[in-house]
Amino acid sequence: QEFVALGPNAAGKLIGQRAKAKMVETKLPSNALHKIWSLADVDKDGALTLNEYALAMHFIKMKLDGQDLPLKLPPQMMPNQQVAATQSSRGAVAAEDLNIGL
């Protein structure tokens, strides 16, 4: 509901400016927000789908709870439509991909 209230475009994506405004409300430092955006914008198009927005909100909650962010998006957190494409282009999952900062 929050995603819809922020006004995704006709393609179902939340443009960067609208997502940024919501993320800034968290009062997290800009370097943390940049890292969160880098992790959540899986397809690197400058906009967030509902799944990508959910990832961003999850990472924001992690940071607010004092947890470290992962270095890379763990494969099990990747939105379903991106998993097959990423794994086929990279082959096997690298060990560093499994480091989720716990």
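Please refer to the structure placed before this passage.
Residues numbered from 1 in each chain as written. Predicted model: local features only at pLDDT ≥ 70, side-chain atom pairs only at ≥ 80, totals over all residues. Heavy atoms only, no water.

Draft legend 1. Representation of the nonpolar core within the structure. One finds Met23, Leu28, Ile36, Leu48, Leu55, Phe59 and Leu73 to be the most contacted residues of the largest nonpolar core, which totals 22 residues. Elements with a minimum of two residues in this core: helix H2 (16-24), helix H3 (30-40) and helix H4 (50-64). In this structure, Leu48 is in contact with Phe3, Gly12, Lys13, Leu14, Ala19, Trp37, Ala40, Asp41, Tyr53 and Ala56, ignoring residues within four places of it in sequence. (Core = buried A, V, L, I, M, F, W, Y, C linked by side-chain atoms within 4.5 Å. Buried < 20%, exposed > 50% of the residue type's maximum accessible area, 1.4 Å probe, protein only. Helix = DSSP H or I, 4+ residues; strand = E, 2+ residues; numbered from the N terminus. Contact = heavy atoms within 4.5 Å.)

Draft legend 2. Summary view of the pattern of salt bridges. For the structure on display, the rule yields five salt bridges. For the salt bridge of Lys22 with Glu2, the shortest nitrogen-to-oxygen distance reads 4.0 Å. Taken together, the positions of Lys22 in helix H2 and Glu2 in helix H1 (residues 2-5) put the pair 20 residues apart, joining distant regions of the chain. Taking the relative accessible area as the measure of exposure, Glu2 reaches 38% and is therefore partly exposed. Residue Asp45 is joined to Lys13 by a salt bridge in which the shortest nitrogen-to-oxygen separation is 2.3 Å. Taken together, the positions of Asp45 in the loop between H3 and strand E2 (47-48) and Lys13 in the loop between H1 and strand E1 (14-15) put the pair 32 residues apart, joining distant regions of the chain. Residues joined in a network through salt bridges with shared partners are Glu2, Lys22 and Glu25. (Salt bridge = Lys/Arg side-chain N within 4 Å of Asp/Glu carboxyl O.)

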